[in-house]
Amino acid sequence: MSSRSRSRTRAIAAALALALLAGASAHAQIPTLGDSSDMTASTERKLGERIARELYRDPDYIDDPILDEYVRGIWSRLLAAARTRGELTAELDERFAWQVLLGKDRSINAFALPGGWLGLHLGLVSVTATRDELASVLAHELSHVTQRHISRLMTQEKRQAPWVIGAMILGALAASKNPEAANALVTGGQALAMQNQLNFSRDMEREADRIGYGVLTQAGFEPQGFVAMFDKLQQASRLNDNGSFPYLRTHPMTTERSADMQSRQQLAARSGGAPAADLVHAMMVGRSRVLSNPGVDVLRGYVNDSQADAAMQPASARQATALYAAALASAKLRDATAARRLAGTLADLVRGDAEPARVASLLVAEIALEAGEPAQALALAEAPATARPEMLFASQARIARGRPAEAAQRLQTWVALHPRDAQAWQLLARAHAAQGQQLRAIRAEAEAQVAHLDYEAALDRFKAAQELARRGTRAPGDHIEASIIDSRARQVESLLREQALQR
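Since the structure is predicted, the reported quantities are computational estimates derived from the model, not experimental observations. (Residues numbered from 1 in each chain as written. Predicted model: local features only at pLDDT ≥ 70, side-chain atom pairs only at ≥ 80, totals over all residues. Heavy atoms only, no water.)

Visitor: Before we go on, may I ask you to explain the overall build of the chain in this structure?
Guide: Within the chain one finds 26 helices and four strands. Within the chain, the proportion of its 503 residues that are buried is 54%. Partitioning the intrachain contacts of the chain with sequence separation of at least 6 by distance along the chain shows that 70% fall at a separation of at least 24. (Helix = DSSP H or I, 4+ residues; strand = E, 2+ residues; numbered from the N terminus. Buried < 20%, exposed > 50% of the residue type's maximum accessible area, 1.4 Å probe, protein only. Contact = heavy atoms within 4.5 Å.)

Visitor: What's the story with the packing of aromatic side chains in this structure? I'm lost.
Guide: Aromatic ring pairs: the centre-centre distance and the angle between the two ring planes describe each pair. Scanning the entire structure with this criterion turns up five aromatic pairs. For the ring pair tyrosine 56 and tryptophan 117, a centre distance of 6.3 Å and an interplane angle of 90 degrees mean the geometry is edge-to-face. In this pair, tyrosine 56 is assigned in helix α2 (residues 41–57) and tryptophan 117 in strand β4 (residues 117–121), connecting sequence segments 61 residues apart. Judged on exposure class, the residue tyrosine 56 and its partner tryptophan 117 are both buried. A centroid spacing of 5.7 Å and a plane angle of 50 degrees characterise the contact between phenylalanine 226 and phenylalanine 230, whose relative ring orientation is tilted. With phenylalanine 226 and phenylalanine 230 both in helix α12 (residues 224–237) and four residues apart, the pair spans about one turn of that helix. Neither residue differs from the other here; phenylalanine 226 and phenylalanine 230 are each classed as buried. Ring-pair connections join several aromatic residues into one group, and the members of that group are Tyr56, Tyr61 and Trp117. (Phe/Tyr/Trp six-rings, centres within 6.5 Å; stacked < 30°, edge-to-face > 60°.)

Visitor: So what exactly am I meant to see when it comes to the pattern of salt bridges here?
Guide: Any two side chains of opposite charge can pair, given that their charged atoms come close. According to the stated counting rule, one finds 33 salt bridges in the structure shown. Between arginine 340 and glutamate 373 there is a salt bridge, with its nearest N and O atoms 3.1 Å apart. Taken together, the residues span a long stretch of sequence, with arginine 340 in helix α18 (residues 336–350) and glutamate 373 in the loop between α19 (354–370) and α20 (374–381) at a distance of 33 residues. On the basis of relative accessibility, which here comes to 27%, the residue glutamate 373 falls in the partly exposed class. Between glutamate 406 and arginine 398 there is a salt bridge, with the nearest N and O atoms lying 3.5 Å from each other. The class for arginine 398 is buried, based on a relative accessible area of 2%. (Salt bridge = Lys/Arg side-chain N within 4 Å of Asp/Glu carboxyl O.)

Visitor: Please clarify how the environment of arginine 410 should be interpreted in this entry.
Guide: Its place among the elements puts arginine 410 in helix α22 (residues 404–417). Along the backbone, arginine 410 and leucine 428 are 18 residues apart, and their C-alpha atoms lie at a distance of 9.1 Å.

Visitor: I keep staring at the sheet that holds strand β1 (residues 61–62) and nothing clicks. Help me out?
Guide: The strand order across the open sheet formed by four strands is β1-β2-β4-β3, and the pairing between neighbours is mixed. Strands with a single pairing partner mark the edges of an open sheet, and in this sheet they are β1 and β3 (110–113). One ladder, built from five bridges, connects strand β2 (residues 99–103) with β4; its direction is parallel. Note on β4: the bridge partner recorded for valine 100 is leucine 118. Where helix α3 (residues 65–85) meets the sheet, it contacts β2 and β4, and its direction lies at approximately 140 degrees from that of β2. (Pairing = 2+ DSSP bridges. Axes fitted to C-alpha atoms, helices over the stretch in contact; angles between N-to-C directions.)

Visitor: It is not clear to me how the pairing of β4 should be interpreted in this structure. Could you clarify?
Guide: A regular strand places its side chains so that they alternate between the two faces of the sheet. A large share of β4 lies buried, amounting to five of its five residues. In β4, alternate side chains face the same way, and those of Trp117, Gly119 and His121 on one face and Leu118 and Leu120 on the other are all buried. Looking at chain direction, β3 and β4 are connected through four bridges and run antiparallel. Residue pairing for β4: leucine 113 is matched across the bridge by tryptophan 117. Hairpin connection of β3 to β4: three residues between the antiparallel strands, including glycine 115 at a positive phi of 80 degrees.

Visitor: Would you mind going over unusual backbone geometry with me for this structure?
Guide: It is generally the case that most residues other than glycine have a negative phi and that most peptide bonds are trans. Here the phi dihedral of arginine 148 falls at roughly 55 degrees; this positive angle occurs in a residue that is not glycine. Turning to its location among the elements, arginine 148 is positioned in the loop between α6 (131–146) and α7 (149–156). Here arginine 148 falls in the buried class, since its relative accessible area comes to 15%. Located in the positive-phi region is leucine 453, a residue other than glycine, with phi close to 70 degrees. Counting through the fold element by element, leucine 453 comes out in the loop between α24 (438–451) and α25 (455–471). Judged by its relative accessible area of 1%, leucine 453 is buried.

Visitor: Would you take a moment to explain helix α23 (residues 422–434) for this structure?
Guide: Helical geometry: 3.6 residues make up each α-helical turn, so side chains three or four residues apart lie on a common side. For α23, which comprises 13 residues, the first-to-last C-alpha distance of 19 Å matches the rise-based estimate of 18 Å (1.5 Å per residue) to within 8%. Taken together, the buried positions of α23 are occupied by Ala422, Gln423, Ala424, Trp425, Leu427, Leu428, Ala429, Ala431 and His432. Among the structural elements, α3, α21 (388–400), α22 and α24 are those in contact with the buried residues of α23. Structurally, the start of α23 carries an N-cap: the backbone nitrogen of glutamine 423 is 3.3 Å from a side-chain oxygen of aspartate 421. (Expected span 1.5 Å × (residues − 1). Polar contact = N/O pair within 3.5 Å; in protein donor to acceptor, adjacent residues only side chain to side chain.)

Right, dumping it as structure tokens:
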């Protein structure tokens, strides 16, 4: 890792530490510690938001519409199963965020945060062979949250101040990128003890395994996914820790846990032959590998690797991964001709299978957008407004084609239903700006900051909009927009005051 990268990681870690230490300085925030979890759901949510706000600022954070939709599809099934089983109470369901944040980091890691936030590195997605394996990790982390393991750990550490445990959480996140950054946070003679205290206890790990297994199978995923993922992690735990598997630091593998999952899978007695190739998951693996910030030589390697698999029939998971990665890598290397050719080959192979064909079509549209061909992208990305990737791609294409009013109309409908979609708000700001509607554009920029929990930046944009409304010539309908801006500015000011009180 370069010195510049290490400096950046330390800066991110320092910012997170300050946010946590400042935000937890009042003992009154945390109720009296007891035998179980004494932290309220509201307090835990606020603690999680402090961490999530900094993760949004991390350069490795990625809001990729295609991967996000895929992970959300798995996540929503698991949440529904947890509700059905009674693992997810009505209070937690309402108060917690239940959001998965994706990171471009190539390390194999996933982590649960207070308040229903989860982090998932693309490196972990890249090593899974099926969506069942990915679902097993998410189910395990979901169970850590539903069982309030983080708040229970805070309660158990009676001698540790809450902000110290918050810094320990931060230290584990920093360690996933650079152990030196973690050491900068967790220093002194207690460093090792603090890191060990962060690890979930064996009882908590077993509980998350057991409940996560039940949630996984209730959601309709194959129990083999748990066993296969355990086998991979068990093999990795035997190797020297080179930083590639930070998941093993906070989730230490044991033979007992692995054997328990194998016995549960045998008791499930699910029969049937080998499962059909999951081409959609295979393509998501290829996408994760390319988007996890590999170098130019690695991207070229993906292109070369696809040549050996191009002639395989019928379409296999390995082939789908290779072709998808090669097409997207070619686009990143600015070789539009090769990208179109490889994406076309992939589309031909999966034609007739609706879900993989849709994913391949989205790739073709994305390549067309990157190549400056919005007309082709628009033709490929037309779809119902309920599909986020198509909606975002089509909106980009419409703006590029000089049709921002159409894009704004569709985006406005979308954000009314999904007010936490920062990327949609940012596109809406572009659409308004292209029409010369500066007041609406600034308001959309502010809403994008609200979606990322950056209330200070959002208030700055709302105030800029208020100033523009006071001194500018308003377009028809701007008086309504100005009223909305005034109302939203007051709401964000209230959120900022609440944050100040927490400090």
